[in-house]
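# Residue-level structural notes
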Amino acid sequence: MGHTHRSSASPPGGDADGSTVRPVQNAEARTEWQQAVADHPFWYHTMDLAPGVTTPGWFDLRPVVDKMPWPDLVGKRCLDIGTYDGYLAFEMEKRGAAEVHAIDIEDHDLWDWPPDARPSVVGRDVRTAGFRGPKKGDGFRLASKILDSKVQWHAVSIYDLNPELLGMFDVITIGTLLLHLRDPVGALEAVRSVCAGHLMSSEQIELWLSIAHRGRPIYRLNGSGQDCQWWLANARGHWQLLYSAGFEIEKQSKPYIVEFNVHPKPQRTPFHLVRRAVLRVLAGTANPGIFHRALLARPRV
C-alpha cells in the first residue's frame, strides 16, 4: 500500500550529522534529479532533497521546523496527515522515528470544497496550479526516491482514520489542514482514535482575531471560493478545536511565520505594511507568509 524507493545514485542512510539530504555521488545523478524536480508541475513544500537539489515549493517550513514543539520521536511509530509533498513526514524520519506513514487525498476533486468551488461548478481548469494537475502523491514519491526514504504513503482521508485501517501511532502531525476541513472537530476525533501518544498540530491562525480576542475561541467562517477554506481560527480557537475533540494540550509554540517561497506574494498596501510591523513584533520576522502556531497534545478521554 505504501511506497519504498531506493536510489542507485545515493547510499542508504543519512549524513553524519543526521540530515536526510543525501550526498550526490556524481554530476550526472545531480543533473537527473534537478531535471526531475523541475519537470514536476507543482510543489507545495520547499525541501532540500540532495546537495543542489531543492524543490521550488509554495511554502518553506525549513526556517520554522525547529520552532515546533516536537516530542521525542526516536523509535516511535508516526503518522503525518495531509502530507502533500511530505515535508513533515520526512522530518519525522530524520528525527529518528522507527516507522513513518503519510496520508493524503489523492484526487483533488475529493477535497472538502465549498459548494461554489466544486469541480461540477467551476471545472478543473480554472483552479490555481496546486489544485489541479498531477495526483497528490507524485511529488512525494519523487522526493522519497531522491531521499531514499522508507516513509509509506497512503491515499486515506483524515475522516476515515480508525485503528483497523492503519493501526495506532505514537506521534501524529497535522500541518495547516484544519482550516481546509468542513468538520475539523469530527476529523480530530478520528485522529484521536488512532493516537496512542502525542498529536502535534501546526495550524494557520488569524492574526487580528488572536489580538482582539486573546482569551476567547473565535472563528471566521469562509466556506466559499477556490482557497478551500472553512473555519479560520484565532490562537485560542485552534486550542479549543483540539480540546473539543478530546485532546489535552501540553505545549504550545510561540507564533511563527510559514514563509512563501514561489507562492504569489501579497500586494503591498498600507494594511499590508501595518500587518508586517505587527508580525515582526509577534513572530520575529516580517517576511511574507502565513501566521501559525503549533500545539502538542495528548488524548484526554
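A brief look at the structure comes next. (Residues numbered from 1 in each chain as written. Predicted model: local features only at pLDDT ≥ 70, side-chain atom pairs only at ≥ 80, totals over all residues. Heavy atoms only, no water.)

This part covers a nonpolar patch on the surface. There is a patch of nonpolar side chains on the surface, built from Trp-208, Ile-211, Val-274, Val-281 and Leu-282 and spanning about 460 Å² of accessible area. Contributions of two or more residues to the nonpolar patch are made by α7 (207-212) and α9 (270-283). No other element matches the three residues that α9 contributes to the nonpolar patch. With respect to the helices and strands, the residue Val-274 is situated in helix α9. On the basis of relative accessible area, Val-274 is assigned to the partly exposed category, the value being 45%. (Patch = residues over 30% accessible without salt bridge, like charges linked within 9 Å, V, L, I, M, F, W, Y side chains within 5 Å. Areas by Shrake-Rupley, 256 points an atom, 1.4 Å probe, with all protein chains shown as cover. Salt bridge = Lys/Arg side-chain N within 4 Å of Asp/Glu carboxyl O. Helix = DSSP H or I, 4+ residues; strand = E, 2+ residues; numbered from the N terminus. Buried < 20%, exposed > 50% of the residue type's maximum accessible area, 1.4 Å probe, protein only.)

Before going further, it helps to spend a moment on the pairing of strand β4 (residues 77-81). Counting buried positions over the five residues of β4 gives four, a clear majority of the element. Following the chain from β4 across helix α2 (residues 87-94) to the adjacent parallel strand β5 (residues 99-104), one finds a crossover that is right-handed. (Right-handed = clockwise from strand over helix to strand, strands pointing away.)

To continue, consider the layout of surface pockets. Empty space among the atoms becomes visible once a probe the size of a water molecule is rolled across them. Space inside the second largest pocket adds up to approximately 350 Å³. Mapped onto the lining of the second largest pocket, the elements with two or more residues apiece are α7, α8 (235-244) and β13 (289-299). Counting residues per element, the lining of the second largest pocket draws most heavily on α8, which supplies three residues. Among the residues making up the lining of the second largest pocket, the classes are represented as seven nonpolar, two polar and three charged. (1 Å grid on protein atoms, 1.4 Å probe; cavity = no way out; pocket = protein on both sides within 12 Å on 5 of 7 lines; lining within 4 Å. Points joined across faces, edges and corners; volume = space filled by probe spheres on them. Nonpolar A, V, L, I, M, F, W, Y, C, P; charged D, E, K, R; others polar.)

Here we come to the pairing of strand β12 (residues 256-260). Counting buried positions over the five residues of β12 gives five, a clear majority of the element. Where strand β3 (residues 59-60) and β12 come together, two bridges link them in antiparallel fashion. By the bridge assignment, Phe-59 is partnered in β12 with Phe-260. (Pairing = 2+ DSSP bridges.)

None of this, on its own, says anything about what the molecule does.
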